[in-house]
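# A closer look at the structure
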Amino acid sequence: MSRIEQAKGKLIVSCQALPEEPLHSSFIMGRMAKAAKEGGASGIRANTVEDIQEIQKEVDLPIIGIIKRQYGDNHVYITPTMKEVDELMAMEQRPDVIAVDATCRQRPDNKTLDEFYAEIRAKYPDQPLMADCATLEEMRHADDLGFDFIGTTLVGYTPESEGDKIETNDFEIIRELLKTAKHPVIGEGNIDTPEKVKRVLDLGAYSVVVGSIITRPQVITRRFVEAIED
């Protein structure tokens, strides 16, 4: 946990590009992470073993590692099974934290979150874990299970959280979570302005992950175009 403490009260930048995206390349993600570090980022969130390894060559920052993998029409795809956890743990330099989908949705292996969490802990008891959640109930459940970090990553991205926005009522979901959370809370998911980042940290979040608005040029460009069209 000592390395991830470097990111406490600071910014973590998500450097990811999926296969269908223009910047999909481990080399590019490594340079993206280097640029993020030069800009002052104190941590990186990254997808796939290949990207993480390339990023580790470029920067010495704590990394939240994931593997996004689709299993048929199942909607759980962020480190969804032990196969992905094993792949990350087999790395010569493991991610400082591994994030997994911690929503209430059915997993591709049909395990409950409780069963999945217990399996990871039994095999890798010392590996820090982050719960990517969508609702306050899921966050509290992950906190009770013992996840080392509770993330708001999937707010608005699941049927259970459809229409929810992380900033609603002055980040009410984060404020409510922080009232009872036993583990550090990481703000993530559409926290897309410097003002939002600062507010979430001021509320007491451990750190904030920002992705698309920094590292996905097509998303950034679209916001400008939509503003013109509006």
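Above this text is the structure in question.
Conventions we followed
- Residues numbered from 1 in each chain as written.
- Predicted model: local features only at pLDDT ≥ 70, side-chain atom pairs only at ≥ 80, totals over all residues.
- Heavy atoms only, no water.
- Buried < 20%, exposed > 50% of the residue type's maximum accessible area, 1.4 Å probe, protein only.
- Helix = DSSP H or I, 4+ residues; strand = E, 2+ residues; numbered from the N terminus.
- Pairing = 2+ DSSP bridges.
- Right-handed = clockwise from strand over helix to strand, strands pointing away.
- Expected span 1.5 Å × (residues − 1).
- Arc of directions from axis to C-beta.
- Contact = heavy atoms within 4.5 Å.
- Salt bridge = Lys/Arg side-chain N within 4 Å of Asp/Glu carboxyl O.
- Axes fitted to C-alpha atoms, helices over the stretch in contact; angles between N-to-C directions.
- Parallel < 35°, antiparallel > 145°, perpendicular 65-115°, else oblique.
- Left-handed = near helix turned anticlockwise from the far one by under 90°.

A two-sided burial pattern is seen for strand β5 (residues 129–132), the buried positions comprising Leu129 and Ala131 on one face and Met130 and Asp132 on the other. Sheet topology places strand β4 (residues 97–101) next to β5; 4 bridges connect them, and they run parallel. Within the sheet, the bridge partner assigned to Asp101 lies in β5 and is Asp132. Taking the sense of rotation as the criterion, the β-α-β connection linking β4, helix α4 (residues 113–123) and β5 turns out right-handed. Note: β5 against strand β6 (residues 149–151), 3 bridges, orientation parallel. Looking at the pairing, Met130 lines up with Phe149 of β6. Between the parallel pair β5 and β6, the chain is carried across by helix α5 (residues 136–145), and the sense of this crossover is right-handed.

Turning our eyes to something else, we now look at helix α1 (residues 26–38). The first and last C-alpha atoms of α1 sit 18 Å apart over 13 residues, in line with the 18 Å expected at 1.5 Å per residue. Every buried residue belonging to α1 is among Met29, Gly30, Met32, Ala33 and Ala36, and all of these are buried. Burial along α1 is one-sided: seen end-on, the buried residues are contained in an arc of 160°. Residues of α1 that are buried in the fold lie against β1 (11–15), β2 (43–47), α2 (49–58) and α8 (212–215).

What follows concerns the pattern of salt bridges. Per the counting criterion, the structure on display carries 24 salt bridges. The salt bridge partner of Arg3 is Asp60, with a shortest N-O separation of 2.9 Å. Taken as a pair, Arg3 in the segment before β1 and Asp60 in the loop between α2 and β3 (63–66) lie far apart in primary sequence, 57 residues in all. Here Asp60 falls in the exposed class, since its relative accessible area comes to 52%. The partner of Arg69 in a salt bridge is Glu87, with the nearest N and O atoms 3.1 Å apart. Linking Arg69 in the loop between β3 and α3 (82–89) with Glu87 in helix α3, this pair joins segments that are 18 residues apart in sequence. Given the relative accessible area of 25%, Arg69 is considered partly exposed. Its relative accessible area of 25% is what places Glu87 among the partly exposed residues.

Let us now look at the environment of Glu160. Its place among the elements puts Glu160 in the loop between β6 and α6 (168–180). By relative accessible area, Glu160 is classed as partly exposed at 41%.

So, about unusual backbone geometry. Even without glycine at this site, Phe171 takes up a positive phi of about 55°. In this structure Phe171 comes out as buried when scored by relative accessible area, which is 5%. Unusually for a residue other than glycine, Asn190 sits at a positive phi of about 60°. For Asn190, the location among the structural elements is in the loop between β7 (185–188) and α7 (194–203).

Right, let's get into the packing of α3 against α4. Their axes nearest at 11 Å, the elements α3 and α4 cross at an angle of 30°. Here α3 lies roughly parallel to α4, going by the angle between them. Handedness of the crossing formed by α3 with α4: right-handed. Every residue of α4 that contacts α3 at Met82, Val85 and Asp86 is listed here: Phe116, Glu119, Ile120 and Lys123.

With that settled, the discussion passes to α4. Those residues of α4 that fall on the buried side of the exposure criterion are Leu113, Phe116, Tyr117, Ile120 and Arg121. Looking down the long axis of α4, one finds its buried residues gathered within 130° of arc, a one-sided arrangement. Summarising the contacts, the buried residues of α4 are in contact with α3, β4, β5 and α5.

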